[in-house]
Number of protein chains: 2
Amino acid sequence: MLPRSRTLSNISVVMMIYHGRLCITETRMKMQAAISHVRADAIGHILRVQSAALKAIHDYMYENEVVQAMPIILSPETDPLNHPHFDASVMYYGQRLHLTKSMIMHKQLSLMNDGVDKIYFMSPNVRLEKGELKETGRHLFEFTQVDIELRDRTKKDFIEFVDGMLLSTFKFVKKECGEDLEALGRDLKLPKLPLRVYESEELSGKYGEHFDMAASERAQDPFWILNFRREFYDREDKERRGYYHNYDVMWPEGYGEALSGGEREWEHSEILRKMDERKTKKEAFHKYLHVTSQGLIPQTVGGGLGIERMVRFLTGQKHIRDVTLFPRVPGEEIAF
Amino acid sequence: MLPRSRTLSNISVVMMIYHGRLCITETRMKMQAAISHVRADAIGHILRVQSAALKAIHDYMYENEVVQAMPIILSPETDPLNHPHFDASVMYYGQRLHLTKSMIMHKQLSLMNDGVDKIYFMSPNVRLEKGELKETGRHLFEFTQVDIELRDRTKKDFIEFVDGMLLSTFKFVKKECGEDLEALGRDLKLPKLPLRVYESEELSGKYGEHFDMAASERAQDPFWILNFRREFYDREDKERRGYYHNYDVMWPEGYGEALSGGEREWEHSEILRKMDERKTKKEAFHKYLHVTSQGLIPQTVGGGLGIERMVRFLTGQKHIRDVTLFPRVPGEEIAF
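Quick caveat, the model's predicted, so the values are computed rather than measured.

Calculation criteria
Residues numbered from 1 in each chain as written. Chains lettered and ligands numbered in written order. Predicted model: local features only at pLDDT ≥ 70, side-chain atom pairs only at ≥ 80, totals over all residues. Heavy atoms only, no water. Helix = DSSP H or I, 4+ residues; strand = E, 2+ residues; numbered from the N terminus. Buried < 20%, exposed > 50% of the residue type's maximum accessible area, 1.4 Å probe, protein only. Contact = heavy atoms within 4.5 Å. Areas by Shrake-Rupley, 256 points an atom, 1.4 Å probe, with all protein chains shown as cover. Buried area = accessible area lost by both parts, 1.4 Å probe. Salt bridge = Lys/Arg side-chain N within 4 Å of Asp/Glu carboxyl O. Axes fitted to C-alpha atoms, helices over the stretch in contact; angles between N-to-C directions. Parallel < 35°, antiparallel > 145°, perpendicular 65-115°, else oblique. Nonpolar A, V, L, I, M, F, W, Y, C, P; charged D, E, K, R; others polar. Least-squares fit on C-alpha atoms with pLDDT ≥ 70 in both. Pairing = 2+ DSSP bridges. Arc of directions from axis to C-beta. Lys, Arg positive; Asp, Glu negative; His and termini not counted. Phe/Tyr/Trp six-rings, centres within 6.5 Å; stacked < 30°, edge-to-face > 60°. Lys NZ or Arg CZ within 6 Å of the ring centre and 35° of its normal.

Turning to the overall build of chain A, a few remarks are in order. Counting its secondary structure elements, chain A contains 10 helices and 13 strands. The principal-axis extents of the C-alpha atoms in chain A amount to approximately 85 × 55 × 40 Å. Expressed as a percentage of its 336 residues, the buried residues of chain A come to 59%. Of the contacts formed within chain A by residues at least 6 apart in sequence, a portion of 72% connects residues at least 24 apart. In the form shown here, chain A has an accessible surface area of approximately 14800 Å², with 51% of it arising from carbon and sulfur atoms.

Turning our eyes to something else, we now look at the interface of chain B and chain A. Taken together, the 77 residues of chain B in the interface contact 77 residues of chain A. Together chain B and chain A conceal approximately 6500 Å² of surface at their shared face, both sides included; 65% is due to carbon and sulfur atoms. Considering only the side of chain B, the residues that lose the most area to chain A are Tyr62(B), Met70(B) and Tyr92(B), jointly responsible for 12% of the buried surface there. Connecting chain B to chain A are 2 salt bridges.

The next point concerns the packing of helix H6 (residues 200–207) of chain B against helix H7 (residues 211–218) of chain B. Residues and elements named next belong to chain B. Following both chains from N to C, one finds H6 and H7 inclined at 85°, their axes separated by 9 Å at the closest point. The orientation of H6 relative to H7 falls into the category roughly perpendicular. Contacts from Ser 200, Leu 203, Ser 204 and Tyr 207 of H6 reach H7 at Phe 211, Ala 214, Ala 215 and Arg 218. Here the contact of H6 with H7 is built from residues that sort into 5 nonpolar, 2 polar and 1 charged.

Aligned on chain A, chain B shows an RMSD of 0.0 Å; the corresponding rotation is 180° and the shift along the axis is 0.0 Å. Put plainly, the chains are arranged around a two-fold axis. Judged by C-alpha distance, Val90(B) is the residue of chain B that lies nearest the rotation axis, at 3.6 Å. Of the residues that chain B buries at the interface, 100% are likewise interface residues in chain A, meaning the two copies contact each other through the same surface.

Within the secondary structure layout, Met275(B) lies in helix H8 (residues 268–277). Discounting chain neighbours no more than four positions away, the residues touching Met275(B) are Phe232(B), Thr280(B), Lys282(B), Phe285(B) and Leu289(B).

Let's shift gears to the pairing of strand E8 (residues 142–151) of chain A. Residues and elements named next belong to chain A. Here E8 lies mainly inside the structure; 10 of its 10 residues are buried. Because side chains alternate across E8, one face comprises the buried residues Glu 142, Thr 144, Val 146, Ile 148 and Leu 150, and the other comprises Phe 143, Gln 145, Asp 147, Glu 149 and Arg 151, equally buried. Taken together, the 9 bridges between strand E6 (residues 118–126) and E8 define a ladder with antiparallel strand orientation. Within E8, the residue paired with Pro 124 across the bridge is Thr 144. Looking at chain direction, E8 and strand E13 (residues 300–306) are connected through 7 bridges and run antiparallel. In the sheet register, Asp 147 faces E13, and the bridge partner there is Gly 304.

All names here are of chain A. With antiparallel pairing, the 3 strands of this open sheet are ordered in space as E2-E5-E4. The sheet is open, and its two borders are formed by strand E2 (74–75) and strand E4 (89–92), each paired with just one other strand. Where E2 and strand E5 (residues 95–99) come together, 2 bridges link them in antiparallel fashion. Of the residues in E5, the one forming a bridge with Leu 74 is Leu 99.

Note that an α-helix has 3.6 residues per turn; residues three or four places apart therefore point the same way. Residue and element names in this part refer to chain B. Turning to H8, its buried residues are Glu 270, Ile 271, Lys 274 and Met 275. End-on view of H8: buried residues confined to an arc of 135°, all on one side of the axis. Summarising the contacts, the buried residues of H8 are in contact with helix H9 (286–292). Directly after H8, the chain includes Lys 279, whose backbone phi takes a positive value near 55°.

Counting across every chain of the model gives 62 salt bridges over all chains. Through salt bridges with shared partners, one network takes in Lys107(A), Asp147(A), Glu149(A), Arg230(A), Asp234(A), Asp248(A) and Arg264(A).

Residue and element names in this part refer to chain B. Structurally, the position occupied by Thr 169 is in helix H4 (residues 155–176). Owing to a relative accessible area of 1%, Thr 169 belongs among the buried residues under this scheme. Aside from chain neighbours lying at most four places away, what touches Thr 169 is Ala 53, Ala 56, Ile 57 and Met 310.

A few words now on the side chain of Lys118(A). All names here are of chain A. Positionally, Lys 118 belongs in strand E6. Among buried charged residues, Lys 118 stands out as having no salt bridge; its nearest opposite-charge side chain is Glu 65, 4.8 Å away. Other than its neighbours up to four places away in sequence, Lys 118 contacts Asn 64, Glu 65, Val 66, Val 67, Leu 111, Glu 149, Leu 150 and Arg 153.

Inspection of the entire model under this criterion finds 36 aromatic pairs over all chains. Relative to Phe223(A), the ring of Tyr198(A) has its centre 5.5 Å away and its plane inclined at 90°; by these criteria the two rings are edge-to-face. Of the two residues, Tyr198(A) sits in strand E9 (residues 196–199) while Phe223(A) sits in strand E10 (residues 223–226), which places them 25 residues apart along the sequence. Residue classification places Phe223(A) among the buried positions, given a relative accessible area of 3%. Counting every residue linked through ring pairs, the aromatic cluster contains Tyr60(A), Phe158(A), Phe161(A), Trp224(A) and Tyr247(A). The cationic tip of Arg186(B) hangs over the ring face of Phe313(B); the distance from NZ or CZ to the ring centre is 4.9 Å.

What follows is about the sheet that holds strand E4 (residues 89–92) of chain B. Strand pairing within a sheet occurs via backbone hydrogen bonds; the two strands may be parallel or antiparallel. Residues and elements named next belong to chain B. A sheet is described by the order of its strands in space; here 3 strands give the open sequence E2-E5-E4, paired in antiparallel fashion. Here the strands that pair on one side only, and so sit at the sheet edges, are strand E2 (74–75) and E4. Both E4 and strand E5 (residues 95–99) contribute to a ladder of 4 bridges, which runs antiparallel. Within E5, the position partnered with Met 91 by the bridge is Arg 96.

Shown next, in the form of structure tokens:
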């Protein structure tokens, strides 16, 4: 007979089998749910809207001579981000490479080339977000942004550029996808240009802490909000410390953030000062700082527009999960 | 006085400082080389050719009603690949997620949706290749492919589809980028359709083991090669075992592989048999096999065309490194 500690009572065996079956059943149910998700009726309509929107964006870029470069997935240095998340990296031939959180620094580096003054990337970003963000309806832990940067241009130029991009995208989607929008029950209206521009101070005075979402819920058209304190790379006014030359575009109807960007810091001393202020670890950016220390980073302005968030708004879906074939919702197990 | 073992002789100190300086100098030189690479004169021309080629591809897809879905970067299951490489994965909430090596299985899963019969992804692939591939001139350890899959179509349909895509891309690039091609010293000629199609057996009989490269060196136009023994998912003829309904497109002038693809296996029993044959670990594909076991994967055909390799050919660059702003060459340290 086995010693007592190595035997299992009948009740434990029954419990184990029962528990095992529960797990198998749960896994099967999750898999079936994932299969049903891929096969959902709405997906065809959503993908056609997405394809039209992407085509309109590429056409707009091409017409405006913004060149497209290929995205980077792994890099020794990436965006530090300004909110809590898990890090994601791999080792390759002794070098630690981080999954791209955004291509901000690569965009700036690209524009060191004299022959290129407008660039964009269709850039997949991996941000291993905390599971708490699962229920917001607008967070994925991987998503794609169309990430744009213009050299020797200002906030004003960029706002005009994006206004035009959004209008031409909406127009093309409405023209091409009437049946799809109807099937989805979505009544999409064209925004009036120029889109309205608010100061964050003005909105926070009116709506308090979550002013951006409050304003999004009340709006009928996309709109701009200026001036947020965030990562070191967004330009702070030298004459008016605490004022940042950056912005968000918000979708209306409570759909929340569409685009985020700003004029960029380019002076080494400013970048160092702001890294210190934010307690950013400088050793994580020593290559970038090697370049800025030589004064090589040009003056640029830009921003990134989330594709899945745009498609969620265009198609009027409740959760961003529903515009993706293979959802990557924070904290959720992935089926495929 | 410190024990002898804990002191440093004068000569060692000198050596350490000298060695330290060498390292710093080497690192600085590498950084300066990376900066010069980004700033190279050719880059502007190359990015304009790339942008025109991408626009032509997106337009061709849109005209042919191939919908565009967004790429996946992390997934519990990815392409096993058929050549030696390092694995790349991260953990997130207890789940191991692999960096995409190709979206082959996701393409098949997408086409389970009845409302979608033609799909493509602009898909960044991470393949941590062995450093030996550094010198081939055509390998990057991350790159983007336009990855296409068509339901209820055959090899013949796909060949016709890609022939058309290549011709319209070449035409558009020639029309739009005359000055850039001239600056790059590239005389690009339009291929004659249909592109020639060879059997691998025919070419290997003629040129031996490296028949694909030998044929590429001798060719004036892109061409197809049929029938390669590779991963489990490419369809093997049931009546003629050892014959595979798959293919590569090769660039001419020695530029090597352009596209790789095939008709796909869809029957569970065939997939299992071929996994056994290739000693593929089935537990690494249990989600995929859960779907195939229910007979849900449709009959499809498709392939992936490497963007950077296409741009290298279009612009006539010697090494694929030279068409990227931020080169990811196997085994090479990354600057940015």
